[in-house]
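Examination of the molecular architecture
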Amino acid sequence: MRDALVAAAFQLFLERGYEQTTVDDIVALAGVGRRSFFRYFPSKEDVVFPDHERCLADMTAFLAESGEDDEPVRRVCDAARLVLRMYAENPAFSVQRYRLTKKVPGLRTYELSVVWRYERALAEYLRVRFAGRRDGILRADVIAAAVVAAHNNALRSWLRSDGEGDSEAAVDHALGYVQSAFGTAPARRVSGGPEDVVVVVARRDAPLWRVVQEIEPELGRN
């Protein structure tokens, strides 16, 4: 029934336009009652984005399953790829929705609110991972915003091409910028006697301040 409602809605959106289509029109075409519609979708806007709640739940669960050994920037980049996979599951529908959203300001506003929820999920995970570090909250928020911006840049480029090309390669390329700018392998403490040795793996071109930032939490441990 959920899929039937989405199909009916988009058929009418294409035929009549989004603003001219009512919930009553959608349920009539789908052959169900208004109560059935609102059991699945709180509003007409929600029927345009039927999978985002599930994807947000999947992302939140993915981040919650992270371990201490997971490099945090790589982890949030991998979490963003879950959104890409949702779009790539049905390219025709995703392109259709993209075109509709561009035409309807209200849908664009709704989409921005959804994007903000993804960004908050990433930032909350990073805030925990960077807790206790200098500018940890700032760093978490900046990286989360960068991940979303890079992902959406590649995603929208793919949608503008009518879903042609390798979407995963495009997103990987975009997220690579984020990992190059912010990602650093975590410092590891090696016990070798009375004095411990902290080993840091960093890019050759990593600025000194970033290397020091990674070492500081380790040196502060007893």
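First, a word on what this report is: a plain description of the structure on this page. Because the structure is predicted, anything quoted here is derived from the model rather than measured. Within every chain, residues take consecutive numbers counted from 1 along the sequence as written. At least 70 in pLDDT is required for a residue's local features to be given in this predicted model, at least 80 for side-chain atom pairs to be given and counted, and no such filter applies to totals for whole chains, interfaces and linings, which use all residues. With hydrogens and water set aside, each side-chain value is computed from the structure's full complement of heavy atoms.

**A closer look at the pattern of salt bridges**
The working definition used for a salt bridge is a side-chain nitrogen of Lys or Arg within 4 Å of a carboxyl oxygen of Asp or Glu. Under the counting rule described, the total for this entry stands at 12 salt bridges. Among the salt bridges present, the one from D78 reaches R81, with a minimum N-O distance of 2.7 Å. One end of the pair, D78, and the other, R81, are both in helix α6 (residues 72-88), 3 residues apart, so they sit about a helical turn from each other. Only protein chains enter the accessibility calculation, which uses a 1.4 Å probe; a residue is then buried when its area is under 20% of its type maximum, exposed when over 50%, and partly exposed in between. Residue classification places D78 among the partly exposed residues on the basis of a relative accessible area of 28%. A residue is classified by how much of its surface remains accessible, and R81, at 16% relative accessible area, is buried. Each helix is a run of DSSP H or I of at least 4 residues and each strand a run of E of at least 2, with the numbering of both proceeding from the N terminus.

**Concerning empty space enclosed by the protein**
Both site types are read off a 1 Å grid over the protein atoms alone. A 1.4 Å probe that fits but cannot get out defines a cavity, while an open set with protein on both sides within 12 Å along at least five of seven lines defines a pocket; lining residues have an atom within 4 Å of a point. Grid points are joined across faces, edges and corners, and a volume is the space filled by probe spheres set on the points. Enumeration over the complete set of coordinates arrives at 2 cavities of 30 Å³ or more. Its volume calculated, the largest cavity comes out at about 220 Å³. Considering the residues around the largest cavity, the lining is formed by 22 residues, among which V83, V115, H151, N152 and L155 are closest to the centre. The set of elements that each furnish at least two residues to the lining of the largest cavity consists of α5 (52-64), α6, α7 (91-103), α8 (105-129) and α9 (136-160). Element by element, the count of residues in the lining of the largest cavity is highest for α9, at 7 residues.

**Details of α7**
One fewer than the residue count of a helix, multiplied by 1.5 Å, yields its expected span. A rise of 1.5 Å per residue sets the reference length of α7, with its 13 residues, at 18 Å; its end C-alpha atoms lie 19 Å apart and thus fit the reference within 8%. Within the sequence span of α7, burial applies to F93, S94, V95, R97, Y98, L100 and T101.

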